[in-house]
Amino acid sequence: MNVSRRWFIGGAASLGAFQGCRFIESPFGRSGVARLKFGVVSDIHIIAENTDRTGQGNTRTLKRTFKWFDAQGADGVIIAGDMADAGLISQLQCVADAWNAVFPGNRSRLDGRPVEKLFIYGNHDWEGFNYGYNIFDVPSGELPADMIRNVGMKKVWEEVFEEEYAPIYKKEIKGYSFIGAHWDGANGSGWGNAPDLAPFFAAHGKELDPALPFFYFQHPHPKDTCYGSWAWGHDDGRSTKVLSGYSNAIAFSGHSHYSLLDERTLWQGAFTSIGTGSLRYAGEPYDEFGSDGGFENTGGPAKNRAGKVGKLMARTKNGEARNGMLFSVYDDHITVTRRDFMWDLDLGPDWVMPLPVAESKPFAFAEHAKRFAAPEFAAGSSVKVERTKHKLGKKGDKDAKEIDVFKLTVPTAVQTFANRAFRYDVTVEAKDGKQLFNRHVLAPDYHLPLEKAAKDFVLPVPIEDLPKGGEVRFTAVALNCFGKSGKALTTDFFKV
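Note that the structure is a prediction, hence the values are computed from the model and not measured.

So, how was this worked out
- Residues numbered from 1 in each chain as written.
- Predicted model: local features only at pLDDT ≥ 70, side-chain atom pairs only at ≥ 80, totals over all residues.
- Heavy atoms only, no water.
- Helix = DSSP H or I, 4+ residues; strand = E, 2+ residues; numbered from the N terminus.
- Buried < 20%, exposed > 50% of the residue type's maximum accessible area, 1.4 Å probe, protein only.
- Contact = heavy atoms within 4.5 Å.
- Areas by Shrake-Rupley, 256 points an atom, 1.4 Å probe, with all protein chains shown as cover.
- Salt bridge = Lys/Arg side-chain N within 4 Å of Asp/Glu carboxyl O.
- Axes fitted to C-alpha atoms, helices over the stretch in contact; angles between N-to-C directions.
- Left-handed = near helix turned anticlockwise from the far one by under 90°.
- Nonpolar A, V, L, I, M, F, W, Y, C, P; charged D, E, K, R; others polar.
- Core = buried A, V, L, I, M, F, W, Y, C linked by side-chain atoms within 4.5 Å.
- Phe/Tyr/Trp six-rings, centres within 6.5 Å; stacked < 30°, edge-to-face > 60°.
- Lys NZ or Arg CZ within 6 Å of the ring centre and 35° of its normal.
- Pairing = 2+ DSSP bridges.
- Expected span 1.5 Å × (residues − 1).

Caption draft 1: Region of the structure containing the overall build of the protein chain. Secondary structure summary: the protein chain contains eight helices and 23 strands in total. Across the 496 residues that make up the protein chain, the buried fraction comes to 57%. Across the protein chain, every contact between residues at least 6 apart in sequence was considered, and the portion connecting residues at least 24 apart equals 68%. For the protein chain, the accessible area works out to roughly 20400 Å², and carbon and sulfur atoms hold 50% of it.

Structure follows, in structure tokens:
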């Protein structure tokens with residue numbers, strides 16, 4: 001391990017072991033060689049086999065990801081659901097073919113070591129054909145014969161992946177337990193419903209070694225864990241209830257596609273819960289501020305917002321992100337490398353979790369937030385304001401209506417890992433000091449490695465949403481993912 005580029009979270013900490021207590025002076029002093037390594041991806045959304053590096057829905061990125069995991073010495077790979085984009089057998093077969101091309105016979109091409117498939121179904125595997133696709137050469141209202149669900153989740157799984165199917169299953173790798181729970185509507189797991197883990201853990205919980213972490217994976221986020229209570233697509237809480245009885249549980253979940261650059265990806269409470277990002281595109285946390293209109297540059301509805309005019313900013317180009325993780329398990333810690341496979345770049349320094357995890361919680365949100373500074377604008381920077389016209393409608397529409405706006409050009413904050421901006425808030429204030437409204441802007445580079453950081457962004461503010469004949473000024477502030485804000489930039493007053 002290259003310690004110089006790694007960042008140890010927790011340092012010297014008093015850790016409660018399952019049998020007595022011990023004190024770690026250094027996470028690297030006694031660890032030696034990793035006992036276990038495994039890759040983690042999710043939401044790969046394969047449409048077809050092709051070789052376009054930048055296009056979405058092909059297997060090229062998946063194969064390159066598998067090869068990178070192989071080169072790192074992975075003993076297994078988790079795919080936390082949504083493999084077949086439209087729920088077709090042919091798409092699932094593309095995933096199996098990509099795996100077999102890199103790991104023939106479930107073994108590494110590099111050194112012959114066994115590499116375990118740790119895959120589960122997600123909602124797209126179950127019913128992706130329902131999500132508005134126009135790829136089927138079938139009469140309107142009919143479903144394709146190539147549909148996984150139509151043939152049977154168990155039958156297709158066993159034919160494509162050549163292994164036994166069970167709605168919830170357990171595998172062992174080098175003495176560590178992995179438990180996967182499929183999204184399978186026939187067994188009650190689906191929208192809003194967590195897999196019913198209680199019977200499985202009642203039957204198999206005693207098989208789990210309490211001195212070691214075990215790894216659980218399902219498609220939706222366990223409720224009220226990673227990202228927080230607002231996270232889109234979380235389950236009904238049953239998984240959280242069961243896993244809370246196992247402090248050594250480390251759970252993985254996808255579905256939301258939220259970027260691994262959001263530090264709230266990793267949550268520690270009664271157990272540890274980690275979002276898995278997406279190998280297809282970065283999700284927009286559009287509903288985080290849904291009560292006042294959400295982010296201006298995401299696809300969420302502009303509900304309950306002050307003013308008549310809707311969102312005017314273009315959406316973020318979130319297809320420029322392909323996230324995955326490598327977990328390296330040592331005696332006294334786990335190292336987590338976050339990587340973007342679009343750019344072949346690491347997403348910042350590694351996370352390092354002390355082991356055992358029974359009492360030490362360095363990634364509880366309150367503790368984790370303390371390690372990040374507020375994002376700041378560069379010295380001498382300012383918000384530029386221009387009164388101009390803004391054309392509504394789609395680009396190229398000659399008949400689109402034009403409206404008067406104040407065009408704000410806001411500089412992005414100085415980008416370092418320790419004080420990276422996740423969002424920007426822009427406040428519109430009247431001359432009498434009354435705050436008229438606030439706009440949230442998702443950082444344009446929220447999903448990109450630091451090497452690809454953005455320069456600035458433009459926010460149009462409609463004149464018709466402002467008091468006629470009055471004066472207004474604008475204040476911009478940058479905030480990190482935990483909501484910590486830096487110093488604000490405030491403009492002069494402008495006559496409406």
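Don't stop here, the text continues.
Caption draft 2: Inspection of the pattern of salt bridges at higher detail. In this structure the tally under the stated criterion is 25 salt bridges. When the shortest N-O distance is used, the salt bridge between Asp-70 and Arg-113 registers 2.8 Å. Of this pair, Asp-70 sits in helix α1 (residues 60-71) while Arg-113 sits in the loop between α2 (89-102) and β5 (116-120), placing them 43 residues apart in sequence. The burial state of Asp-70 is the same as that of Arg-113; both residues are buried. We note a salt bridge from Lys-389 to Asp-404, for which the minimum N-O separation is 2.8 Å. Taken together, the residues span a long stretch of sequence, with Lys-389 in strand β16 (residues 384-391) and Asp-404 in strand β17 (residues 402-411) at a distance of 15 residues. Here Asp-404 falls in the partly exposed class, since its relative accessible area comes to 33%.

Caption draft 3: Spotlight on the side chain of Arg-338. Along the chain, Arg-338 falls in strand β13 (residues 333-340). The class of Arg-338 is buried, set by a relative accessible area of 0%. Apart from residues no more than four positions distant in its own chain, Arg-338 is found in contact with Leu-260, Leu-261, Glu-263, Gly-324, Met-325, Asp-346, Leu-347, Pro-349, Trp-351 and Phe-417.

Caption draft 4: Spatial organisation of the packing of α2 against helix α5 (residues 153-161). Where α2 contacts α5, the axes come no closer than 9 Å and their chain directions differ by 35°. Of the two elements, α2 crosses α5, and the hand of that crossing is right-handed. Contacts between α2 and α5 involve Ile-89, Leu-92, Gln-93, Val-95 and Ala-96 from the former and Val-156, Val-160 and Phe-161 from the latter. Grouping the amino acids of the contact of α2 with α5 by side-chain chemistry returns seven nonpolar, one polar and no charged.

Caption draft 5: Region of interest: unusual backbone geometry. The omega angle of the peptide bond from Leu-355 to Pro-356 is -5°, so this bond is cis rather than trans. You can see Pro-356 is positioned in the loop between β15 (351-354) and α8 (365-369). Unlike most non-glycine residues, Asn-106 shows phi in positive territory, near 60°. Its place among the elements puts Asn-106 in the loop between α2 and β5. By relative accessible area, Asn-106 is classed as partly exposed at 28%. Residues other than glycine seldom take positive phi values, yet Glu-162 does so here, at roughly 55°. Judged by relative accessible area, Glu-162 falls into the exposed class, the value being 67%.

Caption draft 6: Inspection of the nonpolar core at higher detail. Ile-44, Phe-66, Met-83, Leu-92, Val-95, Phe-119 and Phe-161 are the most contacted members of the largest nonpolar core, which has 35 residues in total. The residues contacting Phe-161, other than those within four sequence positions of it, are Met-83, Leu-92, Val-95, Ala-96, Lys-117 and Phe-119. Core analysis: the second largest hydrophobic core is formed by 33 residues, Phe-422, Phe-437, Leu-466 and Val-496 among them.

Caption draft 7: Representation of the packing of aromatic side chains in the model. Tallied over the entire structure, the rule returns 38 aromatic pairs. Where Trp-99 meets Phe-103, the ring centres are 4.5 Å apart and the plane angle is 45°; that geometry is what we call tilted. The burial state of Trp-99 is the same as that of Phe-103; both residues are buried. Note on Tyr-169 and Phe-217: the rings are 6.1 Å apart at their centroids and 75° apart in plane angle, and the pair reads as edge-to-face. Separated by 48 residues along the polypeptide, Tyr-169 in strand β6 (residues 168-173) and Phe-217 in strand β8 (residues 214-217) bring together distant segments of the chain. Of the two residues, Tyr-169 and Phe-217, both sit in the buried class. Of the aromatic side chains, those joined through ring pairs into one cluster are Phe-66, Trp-99, Phe-103, Phe-119, Tyr-121, Trp-157, Phe-161 and Tyr-165. Of note, Arg-264 hangs over the ring of Phe-422, and the distance from its end group to the ring centre comes to 5.3 Å.

Caption draft 8: Quick peek at the sheet that holds β6. The strand order β6-β7-β8-β9-β11-β10 describes an open sheet built from six strands, whose pairing is mixed. This sheet does not close on itself; its edge strands, each paired only once, are β6 and β10 (266-268). The mean angle between the axes of side-by-side strands here comes to 20°, regardless of whether they run parallel or antiparallel. Pairing of β6 with strand β7 (residues 176-181), which is carried by six bridges, proceeds in the antiparallel orientation. Bridged to Lys-171 within β7 is Phe-178.

Caption draft 9: Up close: α1. Along its twelve residues, α1 runs 17 Å from first to last C-alpha, staying within 8% of the 16 Å computed at 1.5 Å per residue. Next to the buried residues of α1 lie β3 (36-41), β4 (76-80), α2, β5, β12 (323-329) and β13.

Caption draft 10: Summary view of the packing of α1 against α2. It is at 9 Å that the axes of α1 and α2 come closest, and there the two elements cross at 35°. In this structure, the crossing between α1 and α2 has a hand that is right-handed. Contacts from Leu-62, Lys-63, Phe-66, Lys-67 and Asp-70 in α1 reach Val-95, Ala-98, Trp-99 and Val-102 in α2. Of the residues that constitute the contact of α1 with α2, the class distribution is six nonpolar, no polar and three charged.

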